[in-house]
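Analysis of the macromolecular model
As a plain string of letters, each chain reads:
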Amino acid sequence: MIGGEESSDATERRDAESAWDARFIAGDERALEYAYRRWSPVVFTLALRSLGDRADSEDVTQKTFVSAWTSRANFDPSRARLSTWIVAIAKRRIADTHEARTRISALHQQLQRVTRPDDLVTEEVDLGETLLVAQEIERLEPDARKVMKLAFFDDLTHQEISRRLDMPLGTVKSHIRRSLERMRTRLEVTHAAH
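Just so it is clear, the structure is predicted and the values come from calculations on it, not from any experiment.

Below, the discussion takes up the environment of Ala-35. If you trace the backbone, Ala-35 turns up in helix α2 (residues 29–51). Note on Ala-35: relative accessible area 0%, which makes it buried. For the pair Ala-35 and Ser-83, spaced 48 residues apart in sequence, the C-alpha separation works out to 8.1 Å.

With that settled, the discussion passes to the packing of α2 against helix α3 (residues 54–70). Between α2 and α3, whose axes approach to 8 Å, the crossing angle comes to 140°. Compared by their axis directions, α2 and α3 come out oblique. The way α2 lies across α3 gives a crossing that is right-handed. Listed contacts from α3 to Glu-29, Leu-32, Ala-35, Tyr-36, Trp-39, Ser-40, Val-43, Phe-44, Ala-47, Leu-48 and Leu-51 of α2 are Arg-54, Asp-56, Ser-57, Glu-58, Val-60, Thr-61, Thr-64, Phe-65 and Trp-69. Across the contact of α2 with α3, the residue classes break down as twelve nonpolar, four polar and four charged.

For the rest of this paragraph, the subject is the pattern of salt bridges. One pass over the structure, following the stated rule, counts ten salt bridges. Taking the shortest distance from any N to any O, the salt bridge between Arg-164 and Asp-154 comes out at 4.0 Å. Here the residue Arg-164 occupies a position in helix α8 (residues 158–165), and Asp-154 occupies one in the loop between α7 (142–152) and α8, the gap between them amounting to ten residues. Classification of Arg-164 as exposed rests on a relative accessible area of 53%. In this structure Asp-154 comes out as partly exposed when scored by relative accessible area, which is 41%.

Turning our eyes to something else, we now look at the nonpolar core. Within the largest apolar cluster, 14 residues are counted, with the highest numbers of intra-cluster contacts made by Phe-24, Ala-35, Phe-65, Ala-68, Leu-82, Trp-85 and Ile-86. Broken down by secondary-structure element, the contributors of at least two residues to this core are α2, α3 and α4 (82–114). The dominant element in this core, judged by the number of residues it contributes, is α4, at five residues. Here Ala-35 is in contact with Phe-24, Ser-40, Phe-65, Leu-82 and Ile-86, once residues within four sequence places are set aside.

Right, let's get into the packing of aromatic side chains. Within the structure shown, the criterion is met by four aromatic pairs. When the centroid spacing of 4.2 Å and the interplanar angle of 5° are considered together, the rings of Trp-20 and Tyr-34 count as stacked. Linking Trp-20 in helix α1 (residues 8–26) with Tyr-34 in helix α2, this pair joins segments that are 14 residues apart in sequence. A centroid spacing of 5.1 Å and a plane angle of 40° characterise the contact between Phe-75 and Trp-85, whose relative ring orientation is tilted. Of the two residues, Phe-75 sits in the loop between α3 and α4 while Trp-85 sits in helix α4, which places them ten residues apart along the sequence. Phe-75 sits in the buried class, given a relative accessible area of 4%.

This brings us to the environment of Trp-39. Assignment of secondary structure puts Trp-39 in helix α2. Assessed through its relative accessible area of 17%, Trp-39 is described here as buried. Taking the C-alpha atoms as reference points, Trp-39 and Thr-84, 45 residues apart in sequence, are found 9.9 Å from one another. Ignoring anything within four residues of it in the chain, the contact list for Trp-39 reads Phe-65, Ser-83 and Ile-86.

About the thresholds
- Residues numbered from 1 in each chain as written.
- Predicted model: local features only at pLDDT ≥ 70, side-chain atom pairs only at ≥ 80, totals over all residues.
- Heavy atoms only, no water.
- Helix = DSSP H or I, 4+ residues; strand = E, 2+ residues; numbered from the N terminus.
- Buried < 20%, exposed > 50% of the residue type's maximum accessible area, 1.4 Å probe, protein only.
- Axes fitted to C-alpha atoms, helices over the stretch in contact; angles between N-to-C directions.
- Parallel < 35°, antiparallel > 145°, perpendicular 65-115°, else oblique.
- Left-handed = near helix turned anticlockwise from the far one by under 90°.
- Contact = heavy atoms within 4.5 Å.
- Nonpolar A, V, L, I, M, F, W, Y, C, P; charged D, E, K, R; others polar.
- Salt bridge = Lys/Arg side-chain N within 4 Å of Asp/Glu carboxyl O.
- Core = buried A, V, L, I, M, F, W, Y, C linked by side-chain atoms within 4.5 Å.
- Phe/Tyr/Trp six-rings, centres within 6.5 Å; stacked < 30°, edge-to-face > 60°.

Next comes the structure, spelled out in structure tokens:
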């Protein structure tokens with residue numbers, strides 16, 4: 001400022017910024033490109049300093065500009081500059097990311113408390129054996145077949161099978177015992193042949 005008057009360069013810059021702001025509010029996509037080129041490095045740097053993760057910071061940057069664009073009608077240039085408004089949105093998106101990380105961490109800790117390490121390791125399924133068992137089950141009489149399918153493939157208890165099929169518990173147990181004996185005998189013969 002010279003003699004209390006603003007320099008013509010400063011006035012031109014302010015007028016140019018105001019013109020871009022107006023175009024942004026009006027939905028001019030070139031104004032969005034301009035704002036992104038101008039302010040995304042600032043948003044990314046803020047996010048990276050706070051989050052310490054490049055991928056999360058890129059995500060925050062993208063979300064910030066999507067939010068700014070979709071809510072551009074809420075931007076009031078008389079209250080703040082576009083850059084200030086975008087930084088405020090970025091700070092909210094950074095806070096959202098920290099909150100999501102906290103929720104994920106809490107969920108992970110809760111899962112670790114309720115899950116035994118052995119539950120996380122599953123035995124490799126032998127597809128050949130599974131198909132062989134399925135074939136043997138198909139050879140059983142209809143009632144025994146229903147019982148064995150529920151026991152093997154649906155992993156139901158004897159009581160659950162009894163309720164599901166409306167069959168006495170003793171009958172369910174008998175079907176399973178007799179079917180297992182038959183299947184064991186046939187499977188032993190099959191394995192011996194190989």
